[in-house]
Amino acid sequence: MSEVTLYLQGEEAMEAFGQRLAALTHGVGTIFLEGDLGAGKTTLSRGLIRGLGHVGAVKSPTFTLVEPYEIGAVRAFHFDLYRLVDPEELEFLGIRDYFDGDALCLIEWPQKGAGFLPKPDLTITISPAAAGRSLHIAPQTVRGVAWCAVLAQEIT
Ligand SMILES: Nc1ncnc2c1ncn2[C@@H]1O[C@H](COP(=O)(O)OP(=O)(O)OP(=O)(O)O)[C@@H](O)[C@H]1O
Ligand SMILES: [Mg+2]
């Protein structure tokens, strides 16, 4: 599989990469965002959601678990499952409706929903590196492989 690793220094670079990803997805797909507290998952999500055309704030859905966005014809759902106690709670959230195939789903802390989430197109793992962050991007579907192929060409 065509995994991609890149280094991004600073919040602005992180948001800009999110915008780049948004263009690749055309607003459809599922992306898992892994990494410790403060890794930069929400920062990347903010860039992605703004890249889809959302104007205004992108707040962390830590307490609401999910924040929906309607951006023209595009629907996006930004999850933060950090506070999920039991993955089964996702059933009560009506989780299936979010993954019906024509929305972009960004999921922070997907480990907390293990067993109740669909397979993602990409898993992005963010870790601290020097003054910035290292991103490891692993595709898990044919669509994810296609996205990574484009990214790999751009960064080499
Ligand atoms: N590439 C980067 N280089 C340096 N700092 C960054 C980078 N990306 C994000 N940050 C900074 O990291 C901090 C935490 O970011 P953020 O809130 O996005 O993390 P998070 O992974 O969503 O955390 P949580 O698990 O608590 O939701 C912010 O201050 C942000 O500016
Ligand atoms: Mg966050």
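Starting afresh in each chain, residues are numbered from 1 along the sequence in its written order. In the order they appear in the text, chains get letters beginning with A and ligands get numbers beginning with 1. Under the rules for a predicted model, residues below a pLDDT of 70 receive no local features and side-chain atom pairs below 80 are neither given nor counted, while totals for whole chains, interfaces and linings still include all residues. The side-chain figures draw on all heavy atoms in the structure; neither hydrogens nor water molecules are used.

Novice: Honestly, the sheet that holds strand 5 (residues 104-108) in this entry has me stumped. Any pointers?
Specialist: Adjacent strands of a sheet form backbone hydrogen bonds with each other and so pair up, either parallel or antiparallel. Strands pair, by our definition, only if DSSP identifies at least two bridges between them. Helix and strand labels come from DSSP, where a helix needs a run of H or I of at least four residues and a strand needs a run of E of at least two; each type is numbered from the N terminus. If you trace the seven strands from one edge of the open sheet to the other, you get 1-7-6-2-5-4-3, paired in mixed fashion. The open sheet has two free edges, formed respectively by strand 1 (4-8) and strand 3 (66-71), since each of these has just one partner strand. Strand-to-strand, the axes of this sheet are offset by a mean angle of 20 degrees, without reference to chain direction. Where strand 3 lies against strand 4 (residues 74-80), six bridges are found, and the strand directions are antiparallel. Within the sheet, the bridge partner assigned to Glu 67 lies in strand 4 and is His 78. By definition in these notes, contact holds between two residues if any of their heavy atoms fall within 4.5 Å. In this analysis, axes come from line fits to C-alpha atoms, helices being fitted only over the stretch in contact, and the angle between any two N-to-C directions falls in the range 0 to 180 degrees. Along the sheet, helix 2 (residues 41-51) makes contact with strand 2 (29-34), strand 3, strand 4, strand 5, strand 6 (122-129) and strand 7 (132-139), crossing strand 5 at roughly 165 degrees.

Novice: Could you clarify how one ought to interpret unusual backbone geometry in this entry?
Specialist: Generally, phi is negative for residues other than glycine and the peptide bonds are trans, each holding for most cases. The phi dihedral of Leu 65 falls on the positive side, at around 70 degrees, and the residue is not glycine. With respect to the helices, strands and loops of the structure, Leu 65 is situated in the loop between helix 2 and strand 3. Relative accessibility under 20% of the residue-type maximum defines a buried residue, over 50% an exposed one, and the middle range a partly exposed one, all with a 1.4 Å probe and only protein chains included. Residue Leu 65 is classed as buried on the basis of its relative accessible area of 13%. The backbone of Ala 130 sits at a positive phi, close to 50 degrees, despite the residue not being glycine. Its place among the elements puts Ala 130 in the loop between strand 6 and strand 7.

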